[in-house]
Amino acid sequence: MSARSTAIEGRWRLDLAAAWRSLKTRRGTLALTVGVLALGVAAFLTLSAVTSAVLLQDLPYPKPEGLLRVQELHEDGNRPQSVADPNAQDLREQVPAFAGLAQYQFGEASIEAAGQVERARVATVSAEFFAVLGAPAWLGRTLAAGDTGVVLRESTWRRLFPGATTLSDQQVRIGAKWYAVQGVMPEHHRFPESAELWVLRDPATVGSSRTALNTAVIARLREGHDLTQAQAQASAVAQTLAATHGSDIWMRDVALTGLHESLSGGLREPLLATQLAAGLLLLIALANALALQQARISTRAEALQLRLLLGAGRGRLLRSLVFEAGLIALVALTLGVALAALILQSLPVWAGSLLDQLQARSLAAPALDAAQLGLIGLLGVLLTLALSLPAW
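From a predicted model like this one, the values you see are computed outputs, not experimental measurements.

Asker: Looking at this model, I keep getting lost on the overall build of the chain. Mind explaining?
Answerer: Regarding its fold elements, the chain presents 12 helices and 10 strands. Counting across all 392 residues of the chain, residues that qualify as buried make up 45%. At a minimum sequence separation of 6, the contacts of the chain that also span at least 24 residues come to 77%. For the chain, the exposed surface amounts to about 19200 Å²; the carbon and sulfur share of it is 61%.

Asker: Looking at this structure, how should I read the layout of surface pockets?
Answerer: Unfilled space is identified by rolling a water-sized probe across the atoms. Put simply, the largest pocket is a space of about 420 Å³. For the lining of the largest pocket, the secondary-structure elements that each account for two or more residues are helix H3 (85-94), strand S7 (177-185) and strand S8 (197-200). In terms of residues, the lining of the largest pocket owes the most to one element, H3, which gives 3 residues. Classifying every residue of the lining of the largest pocket gives 8 nonpolar, 6 polar and 7 charged.

Asker: I keep staring at the packing of H3 against helix H6 (residues 227-245) and nothing clicks. Help me out?
Answerer: When two helices pack together, their arrangement is captured by the angle between the axes and the distance separating the axes. The N-to-C vectors of H3 and H6 enclose an angle of 130°; their axes lie 10 Å apart at closest approach. Between H3 and H6, the crossing angle belongs to the class labelled oblique. Our pair here, H3 against H6, has a crossing hand that is right-handed. Between H3 and H6, the residues in contact are Asn-87, Asp-90, Leu-91 and Gln-94 and Ala-234, Val-237 and Leu-241, respectively. Residue classes in the contact of H3 with H6 are distributed as 4 nonpolar, 2 polar and 1 charged.

Asker: Is there a simple way to think about a nonpolar patch on the surface in this case?
Answerer: Side chains of Leu-276, Leu-280 and Leu-283 sit close together on the surface and give an oily, nonpolar patch of about 320 Å² of accessible area. By relative accessible area, which is 55% here, Leu-276 ends up exposed.

Asker: Got a minute to help me understand the pattern of salt bridges in this structure?
Answerer: Two side chains carrying opposite charge are able to pair once their charged atoms lie near each other. Overall, the coordinates contain 12 salt bridges when judged by the stated rule. With a shortest N-O distance of 2.7 Å, Arg-201 and Asp-85 are connected by a salt bridge. In this pair, Arg-201 sits in the loop between S8 and strand S9 (216-221) while Asp-85 sits in helix H3, placing the two residues 116 residues apart along the sequence. Given a relative accessible area of 5%, Asp-85 falls into the buried group. Each of Glu-118, Arg-159 and Glu-196 takes part in a single network of salt bridges with overlapping partners.

Asker: Where do I start with H6 in this structure?
Answerer: Three- or four-residue spacings in an α-helix give side chains the same orientation, since the helix completes a turn every 3.6 residues. Helix length check: H6, at 19 residues, gives a terminal C-alpha distance of 27 Å against a target of 27 Å (1.5 Å per residue), a fit within 8%. Among all positions in H6, only Ala-230, Ala-234, Ser-235, Val-237, Ala-238, Leu-241 and Ala-242 are buried. For H6, the angular spread of the buried residues around the axis is 165°, confining them to a single face. Set apart from the buried face of H6 by more than 90 degrees, the exposed residues are Thr-228, Gln-239, Ala-243 and Thr-244.

What counts as what
- In every chain, residue numbers begin from 1 and rise along the written sequence.
- Where totals are concerned, whole chains, interfaces and linings use all residues; where local detail is concerned, this predicted model gives features only for residues with pLDDT of at least 70, and gives and counts side-chain atom pairs only at 80 or more.
- Values shown for side chains rest on all heavy atoms present in the structure; no hydrogens or waters enter the calculation.
- Numbering of helices and strands runs from the N terminus; a helix is a DSSP stretch of H or I covering at least four residues, while a strand is a stretch of E covering at least two.
- Exposure classes here rest on a 1.4 Å probe applied to the protein chains alone. A residue is buried below 20% of its type maximum, exposed above 50%, and partly exposed in between.
- Whether two residues touch is decided by their heavy atoms; if any such pair falls within 4.5 Å, the residues are in contact.
- Where accessible areas are quoted, they stem from the Shrake-Rupley method and a 1.4 Å probe; at the residue level, only the protein chains shown are allowed to cover.
- Method remark: on a 1 Å grid restricted to protein atoms, a set of points is classed as a cavity if a 1.4 Å probe fits but cannot get out and as a pocket if it is open with protein on both sides within 12 Å along at least five of seven lines; lining residues have an atom within 4 Å of a point.
- Grid points are joined across faces, edges and corners, and a volume is the space filled by probe spheres set on the points.
- Amino acids are sorted into nonpolar (Ala, Val, Leu, Ile, Met, Phe, Trp, Tyr, Cys and Pro), charged (Asp, Glu, Lys and Arg) and polar (every other residue, Gly among them).
- To get an axis, a line is fitted to the C-alpha atoms, and for a helix only the part in contact is used. The angle between two axes follows their N-to-C directions and goes from 0 to 180 degrees.
- We call two directions roughly parallel when the angle between them is under 35 degrees, roughly antiparallel when it is over 145, roughly perpendicular when it lies between 65 and 115, and oblique otherwise.
- Crossings are sorted by hand: turned counterclockwise from the far helix by less than a right angle, the near helix makes the crossing left-handed, and turned clockwise it makes it right-handed.
- Within this analysis, patches are made of residues with over 30% relative accessible area and no salt bridge. Like charges are joined at 9 Å or less; nonpolar side chains (Val, Leu, Ile, Met, Phe, Trp, Tyr) at 5 Å or less.
- Counted as salt bridges are all cases of a side-chain nitrogen of Lys or Arg within 4 Å of a carboxyl oxygen of Asp or Glu.
- Helix span, expected: 1.5 Å multiplied by one less than the number of residues in the helix.
- The arc under discussion is defined with respect to the helix axis, by the directions toward the C-beta atoms.

Honestly, it's all geometry; don't read function into it.
Quick look at the structure:
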């Protein structure tokens, strides 16, 4: 390191030490400024984490952008509906853009295992369900055509069979029927609706009516096809079926939407509005902090003028004030991040219903992830620059 670099580093250390001493002499104003900013940062980061989890993070499946929700559209113009069995089968066979199409139903049922009886959420799925999602088992295997077993979510398996390391001789009763446990899904797999167990749909329950809207449907796009192509093909199939079956079918068109969009759609507008409110709160906190910073610098006007008369350069004084702003921003940001992390960790206590909604929709739980860390760094720079404004 050159002598010039050493001298610059020494001056900066002296300026930083002077800035810290100056802040410690006005602890009341410092605490108020830091507190106001920390609360604004915590609110903004907490809401950003929730918004990111719902709107930005992908579903926990391979190539999630290729997953679609498939629904019927009827002539009466009502919202999209579930799909009748024969219609689902025709879409499965006649839409080239679909690599696969799966049906499912879900609900609560009484289950029993190892002497324990409880209520659990059970999904009844078609044989293509796990293949369409691209979801492998954590232990054992998933369901395929002809299987008669049951697949459990990891936490459910551990609860029903504590201490087990294999699936040997494990059975679960669902309703009146016993199933052998053939697979365990990783904990993040909760689709649909926070399901805990999955079984194949009994072929005897597959209906022939085209007006019995009894299954939800998902599909996966084939490689090389996009949503526009799939929508055009599905609409053409729906129109052909309507012309063929007349009053025996209600479907007049098909609505295709991204699965992630369909799962997060009901939360999008409230979250964006709340995020905007959090941003405004942060701006208000920053405005208050700027006012406090301006007042603090004003009370030091005579001392700063004296330092100028004694030979301190304007650049050095400005650098010292910028260091003070940087220290305030660092402390406020650290406290704000810690508070946001504490709030997010305590979400199950005070916002359990929100987490339940996210889990039911297979959306990620809010957390300060890598994207949030980048936002924190940007906030630190912006806060330092903003708090430095009164010095200019």
